[in-house]
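The lines below spell out each chain.
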Amino acid sequence: AYFKQVGKPHIHTQYIISTDVDKDGMLQCPSIELYTYLKTHYPQKKIIASGGVSGEADLLALKQAGVYGVIIGKAFYEGRLSLETLSNWNAGIVRS
């Protein structure tokens, strides 16, 4: 896998927002390997994933990878994830 690191996160940074631009808008599964890498190398940071999410299975995989949050775009716009489903995930009511 290819990881482009722009720079190390600042010591006081609490969050890392990471978008896999190759997956963004493609609905082809997020880069779990990328987010696992980030969580392993920066365990104290809250990772927010973006790109590739197509449904609840992807949300579960990201949760299992330890991400803090997810930016949802096309999956919501195309009706693959409803507002109710996203609200339940946000509230911690998840199907596993």
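Criteria and thresholds
- Residues numbered from 1 in each chain as written.
- Predicted model: local features only at pLDDT ≥ 70, side-chain atom pairs only at ≥ 80, totals over all residues.
- Heavy atoms only, no water.
- Buried < 20%, exposed > 50% of the residue type's maximum accessible area, 1.4 Å probe, protein only.
- Helix = DSSP H or I, 4+ residues; strand = E, 2+ residues; numbered from the N terminus.
- Pairing = 2+ DSSP bridges.
- Axes fitted to C-alpha atoms, helices over the stretch in contact; angles between N-to-C directions.
- Contact = heavy atoms within 4.5 Å.
- Phe/Tyr/Trp six-rings, centres within 6.5 Å; stacked < 30°, edge-to-face > 60°.
- Core = buried A, V, L, I, M, F, W, Y, C linked by side-chain atoms within 4.5 Å.
- Parallel < 35°, antiparallel > 145°, perpendicular 65-115°, else oblique.
- Left-handed = near helix turned anticlockwise from the far one by under 90°.
- Nonpolar A, V, L, I, M, F, W, Y, C, P; charged D, E, K, R; others polar.

Caption draft 1: Region of interest: helix H2 (residues 56-65). Buried residues of H2: Asp 58, Leu 59, Leu 60, Leu 62 and Ala 65, and no others. After H2 finishes, the residue Gly 66 shows a positive phi value of roughly 95°.

Caption draft 2: Representation of the sheet that holds strand E2 (residues 46-50) in the model. Taken in spatial order, the three strands make up an open sheet running E1-E2-E3, and their pairing is parallel. What marks the edges here is a single partner per strand, and that holds for strand E1 (15-19) and strand E3 (69-71). Averaged over all neighbouring strand pairs, the angle between strand axes comes to 20°, with direction disregarded. As paired elements, E2 and E3 share three bridges and run parallel to each other. Paired with Ala 49 across the two strands is Val 70, which belongs to E3. Running at roughly 165° to E2, helix H1 (residues 32-41) makes contact with E1 and E2 of the sheet.

Caption draft 3: Region of interest: the packing of aromatic side chains. Taken as a whole and judged by the stated rule, the model has two aromatic pairs. Ring plane angle 65° and centroid distance 5.9 Å describe the contact between Phe 76 and Tyr 77, whose orientation is recorded as edge-to-face. Under the relative-accessibility criterion, Phe 76 is labelled partly exposed at 35%. For Tyr 77, a relative accessible area of 69% gives the class exposed.

Caption draft 4: Layout of the nonpolar core. Judged by nonpolar contacts, the single largest core of 17 residues is most densely connected at Tyr 35, Leu 38, Ile 47, Leu 59, Leu 62, Val 67 and Leu 81. Put simply, the parts of the chain that give this core at least two residues each are H1, E2, H2 and helix H4 (83-91). Setting aside residues up to four positions removed in sequence, Leu 59 forms contacts with Val 53, Val 70, Ile 72, Leu 81, Leu 86 and Trp 89.

Caption draft 5: Inspection of the packing of H1 against H2 at higher detail. Direction vectors running N to C along H1 and H2 enclose 20°, while the axes themselves pass 9 Å from each other. Between H1 and H2, the interaxial angle falls into the category roughly parallel. With respect to the hand of their crossing, H1 and H2 are arranged in right-handed fashion. Contacts between H1 and H2 involve Ile 32, Tyr 35, Thr 36 and Lys 39 on the former and, on the latter, Ala 61, Leu 62 and Ala 65. Grouping the amino acids of the contact of H1 with H2 by side-chain chemistry returns five nonpolar, one polar and one charged.

Caption draft 6: The arrangement of the side chain of Ser 18 in detail. Position of Ser 18 relative to the elements: it lies in strand E1. Leave out the neighbours within four places in its chain, and Ser 18 touches Leu 34, Tyr 35, Leu 38, Ile 48, Ala 49 and Ser 50.

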